[in-house]
Structures are given as structure tokens and as C-alpha cells.
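# Coordinate analysis (summary)
Chain by chain, the residues:
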Amino acid sequence: MKNRICEILGIEKPVVQGPMVWLTDAKLVAAVSNAGGLGSLGPNAGQTTVTHDPVETAERMCAEICKVRELTDKPFSVNILPPYDENAEDVFTPPMLKAIYEEKVPIVTYVGGIREALFGELKEHDIKIIFRSLNPDPEEAKEAERSQISW
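Residues numbered from 1 in each chain as written. Predicted model: local features only at pLDDT ≥ 70, side-chain atom pairs only at ≥ 80, totals over all residues. Heavy atoms only, no water.

## Side note on helix α3 (residues 54-71)
Every α-helix winds through 3.6 residues per turn, so residues three or four apart in the chain are directed the same way. Basically, it comes down to this: Secondary structure elements follow DSSP: runs of H or I of four or more residues count as helices, runs of E of two or more count as strands, with numbering from the N terminus. To estimate the expected span of a helix, subtract one from its residue number and multiply by 1.5 Å. In what follows, a contact means two residues having at least one pair of non-hydrogen atoms within 4.5 Å. Contacts described as polar in this section are N or O atom pairs within 3.5 Å, which, within protein, must combine one atom able to donate a hydrogen with one able to accept it, while residues neighboring in sequence count only if both atoms come from side chains.
For α3, spanning 18 residues, the distance from its first C-alpha to its last is 26 Å, which sits close to the expected 26 Å at 1.5 Å a residue. Among the structural elements, α2 (26-34), β1 (39-41), β2 (76-80) and α4 (93-102) are those in contact with the buried residues of α3. Where α3 starts, the residue carrying a side-chain oxygen 3.1 Å from the main-chain nitrogen of V55 turns out to be D53.

Here it is, written out as C-alpha cells:
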């Protein structure tokens, strides 16, 4: 069942697996992508221990991305979670973005406040963005749409 979402994401079926933080790993993501949907690596995907180090977190994600690539050549996404408050300290997003750019991840699932500069940066790297608000409302949906149109 092809539709616009399938065309945009390069998938066969309009199914996007949620990036369920600890519950995702390369095997699940590859299985969803191989079945025609979009698999999504959540934060801490494939991990069983906690790290509070942003660089180690990004390195672990790189390793999980490589495992996905060993299991599929289909599109998949990686979840990023920048803080809603643009003024809040954000030590995790920059190293995660570096990993995403270096590994040429095609799609991100973006959960956080709308940041046109960050959206633009992702777009500069030819990354498609699936935006999801934690507190969705019509105004934020319109703002997200305007941000994407302005690229």
C-alpha cells in the first residue's frame, strides 16, 4: 500500500516503528525495515547498562547503527530528543548529531521543541525529519509545518 509517506521515507508499507528507548535494538529495527516499514533506533537502543556520558552514548549509537546496516539495506531512523527549552543545557544532542551525520542516517524521529536552526542543519545533511511533539496541539503542528516549508 504505497502512499505519500511511503514515497517520502522510501518504505513499502506505511508503518513507522516507535523508537522505544531501551526496547529497540538493531535486530528489531532491521526486521521492521526488512518487512517494508520504517524501523527506528531509540535512545539507548541495544543497551543493557546506563551511561550518563554523551560521547559514550553517541558511540554506542554508532555501534548499533552499524549493526542495523549489517542486517538491512532499507531505510531506518534514529531518535533525537533535544530539550524543549532552547536555553537548556543540551550535552547529548551535539554528539548524537555527529554520529548521525557520520553514519549518514537517512531519517530522524525528532521529539522535542521546534528549532528551525536544527531542522535546517538536519536538512543540510539530507536527513528527513519525522517530528513528534510530546504535547501535540494544532498550533505546534502548524509551526512544525512552517519550519519544514521554509527550508
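There's plenty left to go through after this.
## Section: the pattern of salt bridges
Condition: Put simply, a salt bridge is a Lys or Arg side-chain nitrogen that is within 4 Å of an Asp or Glu carboxyl oxygen.
Following the criterion strictly, the structure yields five salt bridges and no others. Among the ionic pairs, E139 bridges to K142, the shortest N-O distance being 3.8 Å. Here K142 and E139 lie together in helix α6 (residues 138-149), a separation of three residues that amounts to about one turn.

## Here's the deal with the packing of α2 against α3
The following threshold applies: Geometry is summarised by axes, namely lines fitted to C-alpha atoms with helices restricted to the contacting stretch, and by angles between N-to-C directions that run from 0 to 180 degrees. Note on angle classes: values under 35 degrees are labelled roughly parallel, values over 145 roughly antiparallel, values of 65 to 115 roughly perpendicular, and the remainder oblique. Take the far helix as your reference; a near helix turned counterclockwise from it by less than a right angle gives a left-handed crossing, and one turned clockwise gives a right-handed crossing. For this classification, the nonpolar set comprises Ala, Val, Leu, Ile, Met, Phe, Trp, Tyr, Cys and Pro, the charged set comprises Asp, Glu, Lys and Arg, and every other residue, Gly included, is treated as polar.
Remark: α2 packs on α3, axes separated minimally by 9 Å, with the N-to-C direction vectors making an angle of 40 degrees. By the angle class used here, α2 and α3 are oblique. The way α2 lies across α3 gives a crossing that is right-handed. The residues of α3 that touch α2, namely those facing A26, K27, V29, A30 and N34, are E64, K67, V68 and L71. In terms of residue class, the contact of α2 with α3 is built from five nonpolar, one polar and three charged.

## Some points on the pairing of β2
Rules: With a 1.4 Å probe rolled over the protein chains alone, any residue whose accessible area is under 20% of its type maximum counts as buried; one over 50% counts as exposed, and the rest are partly exposed. Strand pairing follows a simple DSSP-based rule, namely that at least 2 bridges must link the two strands. The definition of a right-handed crossover adopted here requires that, viewed with the strands pointing away, the path from the first strand over the helix to the second runs clockwise.
Of all five residues in β2, five are buried; the element is thus mostly enclosed. On β2, burial covers both faces: F76, V78 and I80 on one face and S77 and N79 on the other are all buried. For β1 and β2, the ladder comprises three bridges, and the chain directions are parallel. Looking across to β2, one finds that L41 is bridged to V78. Between the parallel pair β1 and β2, the chain is carried across by α3, and the sense of this crossover is right-handed. Bridging between β2 and strand β3 (residues 107-111) involves four bridges; their strand directions are parallel. Residue pairing for β3: N79 is matched across the bridge by T109.

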